[in-house]
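One-letter residues, chain by chain:
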Amino acid sequence: MAYQNIQTKTEGRVGVITFDRPSALNALCDDLTRELSEALAAFEADSDIGCVVLTGSAKAFAAGADIKELQGRDYIDLYMHDPFAKTWESVARFRKPIIAAVAGYALGGGCEIAMMCDFIIAAETAKFGQPEINLGVMPGAGGTQRLARAVGKAKAMDMCLTGRMMGAEEAERAGLVSRLVPADDLMDVAMEAAEAIASKSLPIAMMTKEAINISQELSLSEGIRFERRVFQAQFTTEDQKEGMAAFAEKRSAHFKHR
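Residues numbered from 1 in each chain as written. Predicted model: local features only at pLDDT ≥ 70, side-chain atom pairs only at ≥ 80, totals over all residues. Heavy atoms only, no water.

1. Here we look at unusual backbone geometry
Even without glycine at this site, leucine 25 takes up a positive phi of about 50°. Structurally, leucine 25 is set in the loop between β2 (14-19) and α1 (30-45). For leucine 25, a relative accessible area of 31% gives the class partly exposed. Although it is not a glycine, histidine 257 sits at a positive phi angle of roughly 60°. Inspection of the secondary structure assignment puts histidine 257 in the segment after α13 (238-248). (Helix = DSSP H or I, 4+ residues; strand = E, 2+ residues; numbered from the N terminus. Buried < 20%, exposed > 50% of the residue type's maximum accessible area, 1.4 Å probe, protein only.)

Structure (structure tokens):
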């Protein structure tokens with residue numbers, strides 16, 4: 001499918017989505033987020049895709065929501081036609097593993113979209129922030145919630161109340177970013193990670209993602225109970241049998257994703 005504001009491609013079992021509005025630093029307009037939602041749905045339905053990398057073109061991952069679109073809206077419009085729930089949250093709802101590869105600005109909605117991914121690999125040029133307070137509003141797509149869970153209350157308060165940006169090194173120290181790499185190596189490292197994930201059993205990877213995500217909402221005892229039940233259920237899969245047989249036979253596993 002041809003898109004106007006994003007690019008998509010596949011490399012083996014990895015799907016790649018690139019924000020492509022370089023003249024607007026990949027600002028997240030309605031058309032872009034609609035296309036993003038459609039591309040994710042297509043990759044979710046494709047059994048040959050085991051992982052997705054989400055990245056941005058030019059000098060930014062995404063510099064935020066398209067303020068020109070938001071400026072004229074009122075409460076009832078946003079409530080009745082909530083763009084964040086309809087399209088943006090498709091990233092958080094995506095069931096397969098998804099990696100954000102961030103270079104340049106990931107601000108406002110760009111930071112929120114990156115945090116919806118399973119983890120962030122950042123170039124040394126990356127800058128993260130929730131500067132909405134400078135516009136007379138607060139983050140509205142998970143910025144106050146996911147950021148506090150990622151970096152803690154103090155840094156989330158600091159960033160959301162002052163609007164300051166966090167550089168890549170600080171973001172890694174704070175736990176927002178899983179890996180920090182030279183800018184020229186960003187996509188190679190992200191693709192290597194995605195290919196490693198995609199080579200595993202897809203249903204097991206999806207269950208692992210679900211278990212880690214639910215850990216943020218359950219008590220430790222409830223989370224461990226959930227984990228144990230899912231672990232036990234995995235012994236009904238062909239991939240568990242293959243994986244353990246391959247280990248015992250000292251060979252590479254050949255997963256069938258079932």
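Next comes the rest of the account.
2. Details of the packing of aromatic side chains
Enumeration over the complete set of coordinates arrives at four aromatic pairs. Each ring, one from phenylalanine 19 and one from phenylalanine 61, has its centre 5.3 Å from the other, and the planes form 70°; the classification is edge-to-face. Within this pair, whereas phenylalanine 19 is found in strand β2, its partner phenylalanine 61 is found in strand β4 (residues 60-62), the two being separated by 42 residues in sequence. Ring centres 5.2 Å apart and planes at 70° place the aromatic pair phenylalanine 231 and phenylalanine 235 in the edge-to-face group. Using a relative accessible area of 48% as the deciding quantity, one classes phenylalanine 231 as partly exposed. (Phe/Tyr/Trp six-rings, centres within 6.5 Å; stacked < 30°, edge-to-face > 60°.)

3. Quick look at the sheet that holds strand β8 (residues 127-129)
Sheet architecture is open: four strands sit in the order β4-β6-β8-β9, paired in mixed fashion. Taken across any chain shown, the strands that pair with only one partner, and hence form the sheet edges, are β4 and β9 (165-167). Within this sheet the neighbouring strands show an average axis-to-axis angle of 20°, counted without direction. Bridging between β4 and strand β6 (residues 105-107) involves two bridges; their strand directions are parallel. By the bridge assignment for β6, alanine 62 is matched with alanine 106. (Pairing = 2+ DSSP bridges. Axes fitted to C-alpha atoms, helices over the stretch in contact; angles between N-to-C directions.)

4. Quick word on the nonpolar core
By size, the foremost hydrophobic cluster in this structure holds 47 residues, and its most contacted members are Phe19, Phe61, Ile113 and Phe128. If you look at the next biggest cluster of nonpolar residues, it comprises 16 residues, including Val16, Ala101, Ala190 and Ala194. (Core = buried A, V, L, I, M, F, W, Y, C linked by side-chain atoms within 4.5 Å.)

5. Observations regarding the sheet that holds strand β7 (residues 119-123)
Across the sheet, which stays open at both edges, the six strands sit in the order β1-β2-β3-β5-β7-β10 with mixed pairing between neighbours. Each edge of the sheet is formed by a strand with only one pairing partner; in this case those strands are β1 (6-11) and β10 (179-181). Taken pair by pair, the neighbouring strands of this sheet meet at an average axis angle of 20°, ignoring direction. Across six bridges, β2 lies against strand β3 (residues 51-56) in parallel orientation. By the bridge assignment for β3, threonine 18 is matched with threonine 55.

6. Side note on the pairing of β7
Buried residues dominate β7, accounting for four of its five residues. When strand β5 (residues 98-102) meets β7, the two strands line up parallel, connected through four bridges. Within β7, the position partnered with alanine 100 by the bridge is isoleucine 120. In terms of strand pairing, β7 meets β10 through three bridges, oriented parallel.

7. Re the environment of isoleucine 212
Inspection of the secondary structure assignment puts isoleucine 212 in helix α11 (residues 202-214). Spatially, the C-alpha atoms of isoleucine 212 and glutamate 227 are 8.8 Å apart, while their sequence positions differ by 15 residues.

8. Looking at the pattern of salt bridges
Counted according to the given criterion, the structure contains 14 salt bridges. As a salt-bridge pair, arginine 21 and aspartate 66 come within 3.1 Å of each other at their nearest N and O atoms. Within this pair, whereas arginine 21 is found in the loop between β2 and α1, its partner aspartate 66 is found in the loop between β4 and α2 (67-70), the two being separated by 45 residues in sequence. Judged by its relative accessible area of 11%, aspartate 66 is buried. A salt bridge links aspartate 118 to lysine 209; its shortest N-O distance comes to 3.1 Å. (Salt bridge = Lys/Arg side-chain N within 4 Å of Asp/Glu carboxyl O.)

9. Some details on the packing of helix α6 (residues 109-116) against helix α7 (residues 143-151)
In contact at an axis separation of 10 Å, α6 and α7 are set at 55° when each is read in the N-to-C sense. Between α6 and α7, the interaxial angle falls into the category oblique. The element α6 and its partner α7 pack so that their crossing is left-handed. In this structure, α6 contributes Glu112, Met115 and Met116 to the contact, and α7 contributes Gly143, Arg146 and Leu147. Partitioning the contact of α6 with α7 into residue classes produces three nonpolar, one polar and two charged. (Parallel < 35°, antiparallel > 145°, perpendicular 65-115°, else oblique. Left-handed = near helix turned anticlockwise from the far one by under 90°. Contact = heavy atoms within 4.5 Å. Nonpolar A, V, L, I, M, F, W, Y, C, P; charged D, E, K, R; others polar.)

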